[in-house]
Each structure stands twice: as C-alpha cells, then as structure tokens.
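Inside the fold
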Amino acid sequence: MAAAGFELEGESTPVRVLVKQIWGCRGLWAMLARKDFFVRYRRASFGLLWAVVLPLLQAVVLAIVFSRVGKIHTGNINYIVFIFSGNISWNFFSTVFGAGSTAIVDNAAMTAKIYFPRALLPLVAAGSTLYGFSITVVILLGMCIVTGVPLGVSVLLLIPAIILMIVLAEAFALVFSALHVYFRDMRFVVSAMQTVWFYVTPIIYPLSLVGKLGTFLRINPVTGIVEMFRAATVGADPRWVASLWWTLGWTVGLLIIATLLHRRFNRVFADLL
Amino acid sequence: MSEPAIELAGMGKQFTKYDDTPMLVTRALRFRTRTKRSKLWALRNIDFTVARGECAGVIGRNGSGKSTMLTVLAGVTGPTEGRVTVRGSVAPLISVGIGFHPELTGKENVYVNGMVLGMNRNQIDRQFDGIVDFAEVGPFIDTPVKFYSSGMQLRLGFAVAVAAEPEILLVDEVLAVGDLSFQLKCFKRMQEIIEAGATIVVVSHNLAAIRNLCARTIVLNYGTKRFDGDTHEAIAVYHDLLGERREIDDAPVGSSGDGQLPARFERVELRGPDGTQTSHLRGGDEVEIQGDVVVDQPVDDPVFGLIVRTEGGLVIYTDSTPLLQGVAGLAAGARAQFRARFRMAVTSGPYEVQVSMRELKTGELIARPLAPLRVYVSGRDGVHGLADLGADLSVSRVESAESA
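Residues numbered from 1 in each chain as written. Chains lettered and ligands numbered in written order. Predicted model: local features only at pLDDT ≥ 70, side-chain atom pairs only at ≥ 80, totals over all residues. Heavy atoms only, no water.

Next up on the list: the packing of helix 4 (residues 79-101) of chain A against helix 9 (residues 186-199) of chain A. All names here are of chain A. Between helix 4 and helix 9, the shortest axis-to-axis distance is 10 Å and the interhelical angle comes to 170°. With respect to helix 9, the element helix 4 is oriented roughly antiparallel. Here helix 4 contributes Asn87, Trp90, Phe93, Ser94, Phe97, Gly98 and Ser101 to the contact with helix 9, which in turn contributes Val190, Met193, Gln194, Trp197 and Phe198. In terms of residue class, the contact of helix 4 with helix 9 is made up of seven nonpolar, five polar and no charged. (Axes fitted to C-alpha atoms, helices over the stretch in contact; angles between N-to-C directions. Helix = DSSP H or I, 4+ residues; strand = E, 2+ residues; numbered from the N terminus. Parallel < 35°, antiparallel > 145°, perpendicular 65-115°, else oblique. Contact = heavy atoms within 4.5 Å. Nonpolar A, V, L, I, M, F, W, Y, C, P; charged D, E, K, R; others polar.)

Each side of the interface is counted separately: chain B has 45 residues, and chain A has 37 residues. When chain B packs against chain A, close to 3,400 Å² is buried across both sides, 64% of that on carbon and sulfur atoms. Linking chain B with chain A are two salt bridges. Between Arg83(B) and Glu7(A) there is a salt bridge, and its shortest N-O distance comes to 3.5 Å. Counting every contact that joins chain B to chain A gives nine residue pairs in polar contact (both at pLDDT 80 or more). Breaking the side of chain B that touches chain A down by element, the ones donating at least two residues are strand 1 (6-18), helix 1 (24-28), helix 3 (66-73), strand 4 (81-86), strand 5 (90-92) and helix 4 (106-116) of chain B. Split into classes, the residues belonging to the side of chain B that touches chain A amount to 22 nonpolar, 14 polar and nine charged. Bridging between strand 1 (residues 6-9) of chain A and strand 4 of chain B involves four bridges; their strand directions are antiparallel. Across the sheet, residue Glu9(A) finds its bridge partner in strand 4 of chain B, namely Arg83(B). (Buried area = accessible area lost by both parts, 1.4 Å probe. Salt bridge = Lys/Arg side-chain N within 4 Å of Asp/Glu carboxyl O. Polar contact = N/O pair within 3.5 Å; in protein donor to acceptor, adjacent residues only side chain to side chain. Pairing = 2+ DSSP bridges.)

The next subject is the pattern of salt bridges. Where charged atoms from two side chains of opposite charge approach closely, those side chains can pair. Residue and element names in this part refer to chain B. In this structure the tally under the stated criterion is 23 salt bridges over all chains. A salt bridge links Glu81 to Arg44, with the shortest nitrogen-to-oxygen separation between them at 3.2 Å. With a gap of 37 residues between them, Glu81 in strand 4 and Arg44 in strand 2 (residues 37-50) connect regions that are remote in the sequence. By relative accessible area, which is 25% here, Glu81 ends up partly exposed. For Glu352, the salt bridge identified is with Arg309, shortest N-O distance 3.2 Å. Taken together, the residues Glu352 in strand 16 (residues 349-359) and Arg309 in strand 13 (residues 302-310) connect sequence positions 43 residues apart. By relative accessible area, Glu352 is classed as buried at 11%. (Buried < 20%, exposed > 50% of the residue type's maximum accessible area, 1.4 Å probe, protein only.)

Residue and element names in this part refer to chain B. Averaged over all residues, the pLDDT of chain B is 80; the fraction at 70 or higher stands at 85%. Looking across chain B, the model is least confident in helix 2 (residues 33-36), with a mean pLDDT of 52, and most confident in strand 8 (residues 216-221), with 92. In this model, residues 246-258 is a region of pLDDT below 50 whose contacts with residues beyond four sequence positions or in other chains number 24 contacts. (pLDDT = per-residue confidence, 0-100.)

Residues and elements named next belong to chain B. Ordered in space as 10-12-15, the three strands form an open sheet in which the pairing is antiparallel. Of all strands in the sheet, those with a lone pairing partner are strand 10 (263-271) and strand 15 (335-344), marking the two edges. Going across the sheet, the axis of each strand differs from the next one's by a mean of 15°, ignoring polarity. Sheet topology places strand 10 next to strand 12 (residues 285-295); eight bridges connect them, and they run antiparallel. Residue Arg267 lies in a different strand from strand 12, and its bridge partner there is Asp292.

All names here are of chain B. Pairing is mixed across the open sheet formed by six strands, whose spatial order is 5-6-7-3-8-9. Unpaired on one side and paired on the other, strand 5 and strand 9 (224-230) mark the two borders of the sheet. Strand-to-strand twist in this sheet, taken as the mean axis angle between neighbours without regard to direction, amounts to 15°. With four bridges joining them, strand 3 (residues 55-60) and strand 7 (residues 199-203) adopt parallel strand pairing. Each bridged residue has a counterpart across the sheet, and for Ala56 the counterpart in strand 7 is Val201.

Below, the discussion takes up the pairing of strand 16 of chain B. All names here are of chain B. With nine of 11 residues buried, strand 16 is to be regarded as a mostly interior element. Pairing of strand 13 with strand 16 involves nine bridges; the strand directions are antiparallel. Directly across from Val303, in strand 16, lies its bridge partner Arg358. Two elements, strand 16 and strand 18 (residues 373-378), share five bridges in a ladder whose sense is antiparallel.

Within the secondary structure, Arg83(B) sits in strand 4. Exposure remark for Arg83(B): the relative accessible area of 28% places this residue in the partly exposed category. C-alpha separation for the pair Arg83(B) and Ile46(B), spaced 37 residues apart in sequence, amounts to 9.5 Å. Excluding residues within four positions of it along the chain, Arg83(B) makes contact with Glu7(A), Leu8(A), Glu9(A), Glu7(B), Leu8(B), Ala9(B) and Met11(B). Among the polar contacts listed, one links the side chain of Arg83(B) to the side chain of Glu7(A), at a separation of 3.5 Å.

Below is the structure:
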C-alpha cells in the first residue's frame, strides 16, 4: 500500500520497491484469497464439500475411462490413486495459471481506481486455490493408507513439491497476466495450452509407459511437479530428478521474465483497462 | 511539515490510443502497427504543489485531463515524463466501494474494502462500529451486499473510505450522489477531515462544491495548466474557456446584425465595475452594457431593450428605454449609442445578456446582435435561488418567560 506516499519518475517500478510493496500487501493478499475461495462456495448447499467431491469424481472417471480404453496398468498401485496423485498438483497448476493469467484484467474495477502492486492479483489465485488443494492432499494421503501404499520418510518430499508447485504456477500466472493486459487473446491461448498440457503431463499414465517420448515429456515443467508428488506417495519414475531440473529451470526463467514485465508495466497496466 | 503534500514537476502523461485493440497475431506479424496507433498527451508540462492541509480544486472542460490527473495523483498510473511526489497516504474517494463483492456480507466487505484502502485488521476492528453507524446499515451488516440498495452500498463505501483516515483525500463527483441528508453528512465529515489537517484535491464539474471547499483552483485546458490561483478567478477563466469554444461554434458576439433588419449592432460590450470588458462578475457587481448601432434604413421611433436570462433561457429581467426619452427619427447612415447600467444581483451561474432595438409603434425588431453576451457570475457564498436580494440576516437569543 502507498501508506507513506510515493515518488514517481517515469513509468517503471524498481524491483526493490515492487518486492517491498508486495510484501507490504500480504494482509490484503490473504484477505482477497479468502474472499475468492469463500465466495465460490457461498451459495451452494453443499458448500465446501464440492471442493472435495469434484477432484475425486474427476479421478474416478479418468480411471474408469483410461483403464478400459487405454489399458493402462500401474502395477500394484490402484489406478484411481495413481491418477489422483498426479491430478491434484495438475489441477492446482492449471487453476492458478488460468485464473491468475486473467486476474489483472478481471479486476479492472479495482485496478483502474486504486494503486497496489498489480502482481498481487495473480498471486491471490495461489492463495485461494490453496484452500481446496490442501483438502485434496489430505484425501491423497488417506487413499494411500486405505489402499495399502507404504508411506515412508519420502512423504516429506511433499513440502518442497508443494512449494515448487506454487512458485511454478505463479511464475506462469505472473508472466501471462502481464501479457493478457496487452493481448486479450492470451485468455484463449491459455485455455488451449491447458487442454493440450493435461495430456503431455504424465497424469493418467506413468512416464515408463511412453518409452522414448519420455525425454520430451520431461521438458514439460509440470512433469517434475507431478513426479515429485508421486515420489512422495505412490512412487515415481526412476529418473524423476531429471525432470525436476527442467522444472527448476522453467521456474527461474519465467520468474526473471515476470520480474522484467512487472517492473516495466506495473504502473501503466491501468492505462489499458 | 514544510514539505508540500503533493508535488508535480514537469509532469506529462502520454497514452497510446489504439483505433483497434492490438492483437497478438497482427502485432507479431507487424501488420498495421504503424497506422493504427497514435500517441496522445493527456497531460503535459504540469507543475504545481499542494501544501499540507490545503484544499485545492481542479476544473476543466471534458477531455482537459482531469480524470488523468486523478489517476496520476492516486498513483494508479505512472507519469510518462517529469516527476510526481505524493507524501502521505492517499484515499481516492472516487473509488467508493471498490472491491465490494455482492455475495459477501456488509461486514466482510468492510474488511476487504478497508484493506484495499491500506488499513490493517486492527485498525478496521477499532473503526468498525463507527463505520456501521455512519453508513446507517446496522441491521443489515450481516446481509450480503447484493441485497443492499445502491444508496446503502454508497454510504458503506464512503464510510470505509473516510475511516481510513487518509492524509490526502482525492474527491471526484461523489458528493453529488446520495440523498440530501447523506450529502450533508458527507460534507460535514469532509470539513472535519479538512480541520484535522488532511490535504484535499477536488476534481469536479460541480463548481458549487469547488467554491465551497477550495480556496485555490487549478484550471486545465487541453492537458496543460491554464490557471492556478484564487477559485473565483479560476472559475472565470474556466468560463472564458467554455466561451472560447462557443465562439468557434457560433458567430462572434455582436459583430453584425441580421442582414434583413434595417439596422445593426456594430459593437456590444459588457464592462465590469472597473470599466473594463469582462465575462466574469461577482454577485451584485455594477455592470454597464455598451452598444453601437448603425442604421441602414430610416427608423421612426426606436426603443432599446435589454434582457437578462440564465443560460437555460429563464428570463430574469427585461427593460427598455423610457418611451419619451428615446432618440426620435434615425436617418439612414445614422449612428446611435446605447448604454445600460445595472446591478447584477444574481446568484452563481452562467447568464446571457442580450440587447435589441425595436420600433416603438409596431414593436418590430430593428436590430439585434446574432448572439447574446455571456457572463459568469460568482455569487455570494451560501446564496441560492435566482436573485440575490441581499437580505441582512441575524439571530439573537431571547430568554423565554418560563426559564426566567
């Protein structure tokens, strides 16, 4: 917040100032995230239950369809649990990417009238999505226990996995939210990307099943996340660490681009809303 | 404390005007990019400072850069050139109720809105009861805002905005909305904020509000600062600017008569109390209208008339030269001079003064300028209505018989 005023010379915002402002807005961030989450379930009779039922239903349907049609086998791991373990992080990623990339334009009523660092809006998407996501993580662990998946110390991998998942999703959201202000096509580009992306991520199939194609799938930054979630629970592809490096590379690269974009355009996004 | 609250130095804001929204493909392939974009300076070379505790107005015609000025002062957009310095927290009253979500209750919205305006949880907790009281929404505070009337939403929004205790308040046309009793309440609250030492910038078309709140006003014209100083003078400048545009649209005032009429006004002027030509007066000023008439066809008994109207056409006053004192019989080529002195005892607003010459017996029009003189009057403060009758009001305490 501009609590102590501001001094502006030119259109760009120094990175140091930007980071300081975003940190200063953390209370607002938490408030907006809570608002977004609760508004979504406010008027529904089953309320929060939907946040649990929908991802479960999705996993069950995918499991039924692809075990019959694709004849995919996942060894001694229940196929539903296998899909669910990959799907929850994908769902988080695609929700944050989708909602975050349009956030600055969608909140034009606010952005056009008052200043706060614009990056806050795509960042709110991670906060509001985290509520439902944390429930699904508990369900995943429950499913593992029920279906007899041995959970060891490797469960702790979930912590870095979740952090990396949030940072990667936000890196994409920050870059695309800036681009979306200038190019309104981005909304559709993002939708198109999400549709294809689901299938090039090893969610409904294990990496081992695709053979040589796996080399290409590892370039996909979400592969590293999905594999890390599996490494923590149902077991991952033996070479999952390689995909993790790709994920880290993407994250760092996109964060640099996001920083450059927001540094340059933070103060002038409002001109195009 | 000596540092000004707002400081603009050589500030300019340029917008890129797209005739067509840029699209990814056309932009990437560099189609049309040259022809469809144009740069536009919304504000240029703006210098001014507003001291702490000062209340400054900003006026200007539509498109003069007023709204851009507000967004720049609110920090919503950065300047293209020059520097903008704002010292202190800013609450834009333009944004009453920003972030109000219809599904959330009044209470939840107070918290969200308050935080958007820069308050933290504790501050809102402390102010909460006051906000609800001021907004008069007590029984409905746990009802979703979508069931609120627009007036209730507005009251709640205003209440939150002023509760943020901003050091600098940016005011748009908000004071013009809501019912009268609430307007009065807002106005009182604003006065309190001013007394508490806040800096206020009012950007408005509502000249009455500007006159009431601001001693100093800046006039913007085509994105540049045209005037900066006393509000009364600023309003005069503003009206001159409005007049300038009219003169481009209409024929110049008093330059010629209608070609069909037997005579024409060569010159019509309105002179203020100091004897110079003006288009701005204060209520009660002594004015003189002077007109020169050239006669093309002989006239028997000419009568000169005067009419004063509001800009809306409501006639306030008409008069004509006494019948017996008229100039009798003007031959072709003769000249006559017309003068009228009167007191402009009216309230604030734009007025039109028109003169004419008629034939006494038939009442036929002989000469009249194409357009009336336009004048803006800054009336005495607190006087409303049409005429300023100059009442002398007083009140004194009278001890009642019972208490004695």
